[in-house]
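# Inside the fold
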Amino acid sequence: MFSQNVENRHGPPGVNSRSLTAAQSAAELEVLKEIEHVYFSPPSEFDAAKYALENAPSPLNCDEIEQMFTKLKRQQQVVSGKALHLISQQRDNCDREFEEIQNIKEQLAQTVETCKKARENLRIASNHLTVSTFVILANVRKRQIIKSVLKSLELLRSLRSVETDVADLLVKKEYYEAIELILKSKKAAANHKEYTCIADLASRLQDTLDMTEEKLDSVLSGICYNFDEDVFMKLKKAYDLLGKTQAAMEQLHMHYSSAVNESAIEAIKPFLNDTSEMKFQEMCQAVLTNKAPGCLLNLCEKLFQVMRSYYLLVNWYARHDEAAPSSSNVFDIEKNVSREYIKQKLKAGLIRIWHDVQAKVSTFLKSSGLEEYPFEKFIQMLGILRKLTQVAEVFCGDTSDLLQDFIKTQSVSYIKNYHKGRMEELKLFLENEGWEQCPVKSTFTLLNLQEFKQFRRYFKTKSDVIVKSSQSDTTSSVHSQDDSMYISKYFTQKTSRTPFEIFRNDDVTNDDIFGLEPESEPSDESDEEPDELRRDFVDDADRNEYVTNSPSKVKHSIIVTNTTLSVLRNCGQYLQISRYLPQISLEVIMLMNQLFDYYFYAVHLFFTSDLEVSSSTLYTAKLNAALKRISNSIYGEDKTYDSPNVPQHLDMNSEANLHGLSERIVGVESVIFLAKQFETLQPYLESIVAQHQKMILEHFRDNTLAVVTNLRMPVYMCSASKALDARSALIAMSQVRWDVKNVAVEHSPYVDMITRKIQVFALRLENISSKITLNFEVINSIWAMVSKFIVHLLVEGFSNATKCSNGGRGLMQLDYRQLFVKLEKISGLKPVPYQEYVDRYVKAYYLPRNELESFVREHVEYSNKHLLALIGSACENRKDKQALIAIVESRESSA
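This structure is a prediction, so every number in the text was calculated from the model and none was measured.

A word on the overall build of the protein. Counting its secondary structure elements, the protein contains 33 helices and zero strands. Burial statistics for the protein: of 895 residues in total, 43% are counted as buried. Summarising the internal contacts of the protein: among those between residues at least 6 apart in sequence, 80% fall at separations of at least 24. Per element, the accessible surface of the protein, about 48400 Å² overall, is 52% carbon and sulfur.

What follows is the structure in structure tokens.
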């Protein structure tokens, strides 16, 4: 029976189930070659442990020791496996040995027979012993043996079922129990090494432990996306049991870094058609511009889920942070050291994860082409990034300087690129503008436009602007606290929602997105933007209806064009950016000023290009300086922007419309209105820039906005000079005899001719007023230019007189006084401006020599021709005449 069992027994455990492949054999052969021969010495002659310690790396290094340990362990495993394999190959020899054992068994049987005889004889000799006593002892011994066998069989059965039991426990998320079962099984296997099959089971238990740890690591990585307190507590207990708490924390941080990268990639994939073999930056570059804002939103939401998971992890440790009692116990000391290590690791992890998130978002923004975003999408992008910085402040207390600087740089780049488009658009509008008055109420201001709706509370009264702004600054800290509480809600609540969900709500305003205080004060009906202004352009029907029902020559009127409204709307959009990004306020304001400069210069270019009279007295020094500055800064050598072309569709040569006077009025007055609106904005603009930057705004206000009204003089002079026909008037004046002896009682004929021209001018101006709402200031400015042209015309005519007597001088006085009386009646100007110019010139004929010299030196407003004519008629002494002429010529040379 024994021999039959021997013949039918299985081969060595595990050999057939784990047959070595050719590749494995080659690898193991290489390992065997690497083993030093000294390790094959007899144990009595060689101490392997001592030899390994003597050959340890010097100086000691953990990584090198770990490598040495791994190498020796691998060599030992190969030698063991090779020995087992060789044993299996010697099976025939083993069978022969068993035959020898069978022979020995037969011999033992004979020996047993001999022993039986001896015992029988012993039984006879031992009369005091009974049979029952021996039976009891034998049974007790058998029971002990059977118990031992049953115990061993039960151990084998339980060890063979460990894999299944562990798998069931892992499915139930009982990680601690699974690890505990494996460790107990390994300990039991170690205590029963006498069984050959136990050695193989011990190896399988180690494999099970390794697979279980991999499963734990997989569950640990899932924590990065959705933190579950119950699951994490079970994981922590399991790792504590394994003694790998710190290693698990290291691994968890690696998983969080991977989670940031994987979440970023997964967030972008839905917005791409093909993502095969693409790096993250390449994926960002492949996102279409129209999909980029949505992709950024999805990216921030995905990354927030990782940040929230880590935030909950840190909070969990903070709640369960129990320090071990102070003692000299090594276990307690190690526990406290481990606790402090994890605490510092978690604290540093907050900053590291946020930096990883910043890097991903920055990479996307750099690659997504921000300059091509539509304006509203760009504002939304700013809102998303602002929300992200708020998340960072709650997450780790970081001020996001890197992201803030990037936002500032990219925002300045975007607004400049956006501004370039608006400037090109403004050029197109100006070249095609009809220069007709838009129908707006006399109380219209920029606050009636939708783009300025959120700014109304800053401009209730000018004196309150700074107070309002300072109040908003005071409340900003309150908003910051509210934002922190709002963001914290998403970190602490068990929800899949994120603080970025607000951007998916179409009903949310920009103020809601940026957490700014909304317009709380009720607006009057008159403050609402008229329906006709909500369209891009005003229809002719609206304009005609408005003009028909509007009175002329009113005290106040608003003259604006479609282009004026477009500039204001652009400024409103610019201010929105400065409101949401106060750190770039100055850059935004400078671009707003550039819009105004371009409009201002274009109106000057369009409506003074046909100026035919001398401009020396029409342009003030500040106006010249402003125009020169604009020309150099916008149209300079670098040609930042192209100068608009003078429109050809405007009729600027017809006498019937006073050479385009209506268009000139609309152009100039719209610039003046625009300047007033900019002045209205100045207190608010000064409140949002730094103290040292205010002087820039003050300089623009004092040297540009303040001189816009001076543009009326050269523009209106173009129409006034052409309408009065200077050539005909000068010819008529040249036919008057100025050398009469007696003072005339009637004025000269040219006075009536000029008067008729003035009357025609007044009638045509009245016709213009039926199309445009002219206020008194505009009308007076026009008539002032008529008066200015007349006085210069009179001086020019008087200076052409070759001979002039005292009677002629009296006639001159009579003529211009009569002319100004009639001009006063026609224009309504009281007194008529600039008449002292001609009055002073005529009276200079009566000055004595010394006073005449002073007159020539002091009155530089007269041309050299006028002064030479005055000297020729007023000074009879040749020497005095030459001296005065020399003074005039010296003035000319010095000029």
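Grouped together as the largest cluster of nonpolar side chains are 229 residues, with contacts concentrated most on Phe364 and Phe798. Discounting chain neighbours no more than four positions away, the residues touching phenylalanine 364 are Ile268, Cys284, Val287, Ala292, Cys295, Leu296, Leu299 and Tyr373.

Right, let's talk about the packing of aromatic side chains for a bit. Here the structure, examined in full by the defined rule, presents 29 aromatic pairs. A centroid spacing of 5.6 Å and a plane angle of 85 degrees characterise the contact between tyrosine 39 and phenylalanine 46, whose relative ring orientation is edge-to-face. When its relative accessible area of 26% is taken as the criterion, tyrosine 39 is described as partly exposed. Residue phenylalanine 46 is classed as buried on the basis of its relative accessible area, which comes to 14%. Measuring from ring centre to ring centre gives 6.1 Å for phenylalanine 596 and phenylalanine 700, while their planes differ by 80 degrees; the resulting arrangement is edge-to-face. Placement of the pair is phenylalanine 596 in helix H21 (residues 585-608) and phenylalanine 700 in helix H24 (residues 694-703), with a sequence separation of 104 residues. Overall, the relative accessible area of 7% leaves phenylalanine 700 in the buried class. Put simply, the rings of Tyr837, Tyr841, Tyr845, Phe855 and Tyr862 pair up and form one aromatic cluster. Over the ring of tyrosine 834 we find lysine 788, and its NZ or CZ is 4.6 Å from the ring centre.

Viewed as axis vectors pointing N to C, helix H26 (residues 726-734) and helix H28 (residues 776-799) meet at an angle of 40 degrees, and their least axial separation amounts to 9 Å. It follows from the interaxial angle that H26 and H28 lie oblique. Both H26 and H28 take part in a crossing whose hand is right-handed. From H26, Ala726, Ala729, Leu730 and Met733 reach across to H28, where they touch Phe789, Leu793, Leu794, Glu796, Gly797 and Phe798. When the residues that make up the contact of H26 with H28 are grouped by side-chain class, the tally is eight nonpolar, one polar and one charged.

The next point concerns helix H29 (residues 806-827). With 22 residues, H29 extends 31 Å between its outermost C-alpha atoms, agreeing within 8% with the 32 Å of an ideal straight helix rising 1.5 Å per residue. Phi for glycine 828, located one or two positions after H29, is positive at around 85 degrees.

Now for a nonpolar patch on the surface. A contiguous nonpolar surface patch, about 460 Å² in accessible area, is contributed by Ile145, Ile146, Val149, Leu150 and Leu153. Structurally, the position occupied by isoleucine 146 is in helix H6 (residues 131-160).

Next up on the list: unusual backbone geometry. In this model, lysine 830 is joined to proline 831 through a cis peptide bond whose omega is -10 degrees. Checked against the element boundaries, proline 831 lands in the loop between H29 and helix H30 (835-843). For tryptophan 435, which is not a glycine, the phi torsion comes out positive at approximately 55 degrees. Of note, tryptophan 435 is situated in the loop between helix H16 (401-432) and helix H17 (465-492). On the accessibility criterion, tryptophan 435 (2% relative accessible area) is buried. Positive phi, normally seen in glycine, also occurs at leucine 658, with a value near 55 degrees. Examined against the element boundaries, leucine 658 turns out to sit in the loop between helix H22 (621-634) and helix H23 (661-687).

Counting all residues, the mean pLDDT for the protein is 81, and 83% of those residues have values of 70 or more. Counting contacts from residues 517-527, a segment whose pLDDT is below 50, to residues more than four positions away or on other chains yields 20 contacts.

The next subject is the side chain of serine 400. Within the secondary structure layout, serine 400 lies in the loop between helix H15 (375-396) and H16. What serine 400 contacts, discounting residues up to four positions off in sequence, is Trp354, Gln358, Thr389 and Ala392.

Once that is clear, we can look at the side chain of histidine 604. Summarising the element assignment, histidine 604 is placed in helix H21. A distance of 2.8 Å separates a polar atom in the side chain of histidine 604 from a polar atom in the side chain of tyrosine 619. Setting aside chain neighbours within four positions, we find histidine 604 in contact with Ser609, Tyr619, Leu627 and Leu711.

A separate point is the pattern of salt bridges. Counted by the stated rule, this structure contains 26 salt bridges. The residue arginine 849 makes a salt bridge to glutamate 853 at a minimum N-O spacing of 2.2 Å. Of this pair, arginine 849 and glutamate 853 both sit in helix H31 (residues 849-858), four residues apart, which is roughly one turn of that helix. With relative accessibility at 27%, the residue arginine 849 sits in the partly exposed group. Through salt bridges with shared partners, a single network forms among Arg849, Glu853, Arg857 and Asp880.

Turning our attention to the state of the cysteines. Here the structure, examined in full by the defined rule, presents zero disulfides. Here cysteine 284 is not disulfide-linked; the sulfur of cysteine 295 is the nearest cysteine sulfur, at 6.9 Å. A residue is classified by how much of its surface remains accessible, and cysteine 284, at 0% relative accessible area, is buried.

Running from N to C, helix H2 (residues 22-34) and helix H4 (residues 62-89) cross one another at 115 degrees; their axes reach a closest spacing of 9 Å. Helix-helix and strand crossings are classified by hand; for H2 and H4 the assignment is left-handed. Where H2 abuts H4, its residues Glu28, Val31, Leu32 and Glu34 lie against Lys71, Arg74, Gln75, Val78, Val79 and Lys82. For the contact of H2 with H4, the class distribution of residues is four nonpolar, one polar and five charged.

What follows concerns the environment of tyrosine 341. Relative to the helices and strands, tyrosine 341 resides in helix H14 (residues 330-367). Tyrosine 341 gets classed as partly exposed once you look at its relative accessible area, which sits at 28%. In the structure, tyrosine 341 is positioned 92 residues away from methionine 249 in sequence and 9.6 Å away in space, judged by C-alpha atoms. Sequence-distant contacts of tyrosine 341, that is, excluding residues within four places in its chain, are made with Gln246 and Glu250.

So, on to a negative patch on the surface. Taken together, the side chains of Asp92, Asp95, Glu97, Glu99 and Glu100 make up a negatively charged region of the molecular surface. As for its placement among the helices and strands, glutamate 97 is situated in helix H5 (residues 91-125).

What counts, and at which threshold
Residues numbered from 1 in each chain as written. Predicted model: local features only at pLDDT ≥ 70, side-chain atom pairs only at ≥ 80, totals over all residues. Heavy atoms only, no water. Helix = DSSP H or I, 4+ residues; strand = E, 2+ residues; numbered from the N terminus. Buried < 20%, exposed > 50% of the residue type's maximum accessible area, 1.4 Å probe, protein only. Contact = heavy atoms within 4.5 Å. Areas by Shrake-Rupley, 256 points an atom, 1.4 Å probe, with all protein chains shown as cover. Core = buried A, V, L, I, M, F, W, Y, C linked by side-chain atoms within 4.5 Å. Phe/Tyr/Trp six-rings, centres within 6.5 Å; stacked < 30°, edge-to-face > 60°. Lys NZ or Arg CZ within 6 Å of the ring centre and 35° of its normal. Axes fitted to C-alpha atoms, helices over the stretch in contact; angles between N-to-C directions. Parallel < 35°, antiparallel > 145°, perpendicular 65-115°, else oblique. Left-handed = near helix turned anticlockwise from the far one by under 90°. Nonpolar A, V, L, I, M, F, W, Y, C, P; charged D, E, K, R; others polar. Expected span 1.5 Å × (residues − 1). Patch = residues over 30% accessible without salt bridge, like charges linked within 9 Å, V, L, I, M, F, W, Y side chains within 5 Å. Salt bridge = Lys/Arg side-chain N within 4 Å of Asp/Glu carboxyl O. pLDDT = per-residue confidence, 0-100. Polar contact = N/O pair within 3.5 Å; in protein donor to acceptor, adjacent residues only side chain to side chain. Disulfide = S-S within 2.5 Å. Lys, Arg positive; Asp, Glu negative; His and termini not counted. Charge placed at Lys NZ, Arg CZ, Asp CG, Glu CD.

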